[in-house]
There are 2 protein chains.
Amino acid sequence: MAKKPIELGEGELAVMRALWEGGPQTVRDVMNRLHERGRNVAYTTVLTFLTRLEQKGVVASDKRDTAYVYRARISRQSVTASRIKTLVDQLYDGAAAPVLLHLIEHERFTPQEIAQLRKLIQDLDSRAEDPR
Amino acid sequence: MAKKPIELGEGELAVMRALWEGGPQTVRDVMNRLHERGRNVAYTTVLTFLTRLEQKGVVASDKRDTAYVYRARISRQSVTASRIKTLVDQLYDGAAAPVLLHLIEHERFTPQEIAQLRKLIQDLDSRAEDPR
DNA sequence: GACGCTCTACGACAGATGTAGTATCTTCTC
DNA sequence: GAGAAGATACTACATCTGTCGTAGAGCGTC
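Residues numbered from 1 in each chain as written. Chains lettered and ligands numbered in written order. Predicted model: local features only at pLDDT ≥ 70, side-chain atom pairs only at ≥ 80, totals over all residues. Heavy atoms only, no water.

Asker: Would you explain the protein's contact with DNA strand C in this entry?
Answerer: Close to DNA strand C lie 23 residues; Glu-10, Gly-11 and Arg-52 of chain A together with Arg-28 and Tyr-43 of chain B are nearest. Close to the protein, within 4 Å, the atoms of DNA strand C belong to sugar or phosphate groups at a rate of 54%. Lys-56 of chain A has a polar side-chain atom sitting 2.8 Å from a phosphate oxygen of DNA strand C. Among the elements of the structure, α1 (10-22) and α3 (43-55) of chain A together with α2 (27-36), α3 (43-55) and β2 (67-72) of chain B are those that each provide at least two residues to the surface near DNA strand C. The residue makeup of the surface near DNA strand C, split by class, is 8 nonpolar, 7 polar and 8 charged. (Near = heavy atom within 4 Å. Polar contact = N/O pair within 3.5 Å; in protein donor to acceptor, adjacent residues only side chain to side chain. Helix = DSSP H or I, 4+ residues; strand = E, 2+ residues; numbered from the N terminus. Nonpolar A, V, L, I, M, F, W, Y, C, P; charged D, E, K, R; others polar.)

What follows is the structure in structure tokens.
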């Protein structure tokens, strides 16, 4: 049941972001994106990342013309979920509230975000009553 | 200015928790706590963790009687802040909102927590208007 | 003062991650 | 079809983290 946590290192995550933000790409495309973001890694380093990520099952590749095109098989949301769960478990035994409160108290949000937030808070009530 | 991120592994974090929750302790005390929590590590493993944590500057020790007593030098809050910042930076380029929304949508909270949440949301307005 | 208990110091080792070099293979261009 | 350009495969290596084992130092008890 409990899906295995997706553990990705910082570099691997940077590569995933390139795929999430740019869609399916070749190694070279990903490398260029990383360079644009200030991460000047070698072509082969990117290839290593992609290969490892494929082994982990989080990206897939297809041969197209001369080069392979890689694409993400997991969403940014699922990685976010995984990271948050790990954080919350490791720091607060699974209690999400402290983390949530920390975010609200220490981060800044736009009025739009606050509005959205408020809306969600309302729905929370019903969920709180909701058994299970 | 920007304080360097505090990067701790899972085992190191488990040791920090023992110190946060039990106050200053000896290696053996920490080990016992970890065992209680189901992490059956060897005495020397705990010692290694504590030593490394001290090298990182996040715990301190004092010789008392026969054994050293270790204590945390950083708070759980600061580690939480650090972890969240890293997460938010790596996944959303620093935008905290997606993470916040994820938490609200996917985690459960008690009515008390929701109430507290609501109260905080109110204060948010003023902060949002507040320049800088 | 020898014995045993407990503690610390040090070293080791495997797996994960970040990084890249070299070798080989494909393909495009004259 | 030979050479250049670009792609992938394979290997390597350092660092960090989790995990211990062993050796030696300090102290309490006969």
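Asker: Even after reading the chapter, I still don't get the interface of chain A and chain B, so can you show me in this structure?
Answerer: Frequently, the measure chosen for interface size is the accessible area that the parts lose on association. Each side of the interface is counted separately: chain A has 45 residues, and chain B has 45 residues. Between chain A and chain B, a total of about 4800 Å² is buried, with carbon and sulfur atoms accounting for 64% of that surface. One can count 4 salt bridges joining chain A with chain B. Between Arg-17 of chain A and Asp-93 of chain B there is a salt bridge, with its nearest N and O atoms 3.1 Å apart. Applying the counting rule to chain A against chain B returns 15 residue pairs in polar contact (both at pLDDT 80 or more). Secondary-structure elements contributing two or more residues to the side of chain A that touches chain B are α1, α4 (76-92), α5 (97-106) and α6 (111-129) of chain A. Per-element accounting of the side of chain A that touches chain B gives the leading share, 13 residues, to α4 of chain A. Classifying every residue of the side of chain A that touches chain B by side-chain character gives 22 nonpolar, 7 polar and 16 charged. (Contact = heavy atoms within 4.5 Å. Buried area = accessible area lost by both parts, 1.4 Å probe. Salt bridge = Lys/Arg side-chain N within 4 Å of Asp/Glu carboxyl O.)

Asker: Would you take a moment to explain the pattern of salt bridges for this structure?
Answerer: Any two side chains of opposite charge can pair if their charged atoms end up close together. Residues and elements named next belong to chain A. Within this structure, the stated rule accounts for 16 salt bridges over all chains. We note a salt bridge from Lys-85 to Asp-89, for which the minimum N-O separation is 2.6 Å. One end of the pair is Lys-85 and the other is Asp-89, both in helix α4 and 4 residues apart, which spans about a single turn. Given a relative accessible area of 32%, Asp-89 falls into the partly exposed group. (Buried < 20%, exposed > 50% of the residue type's maximum accessible area, 1.4 Å probe, protein only.)

Asker: What am I meant to see in the domain arrangement of chain A here?
Answerer: Domain boundaries assigned for chain A yield domain 1 (1-94) and domain 2 (96-132). Relative placement of domain 1 of chain A and domain 2 of chain A: their C-alpha centres are 28 Å apart. (Domains from an automatic or database assignment.)

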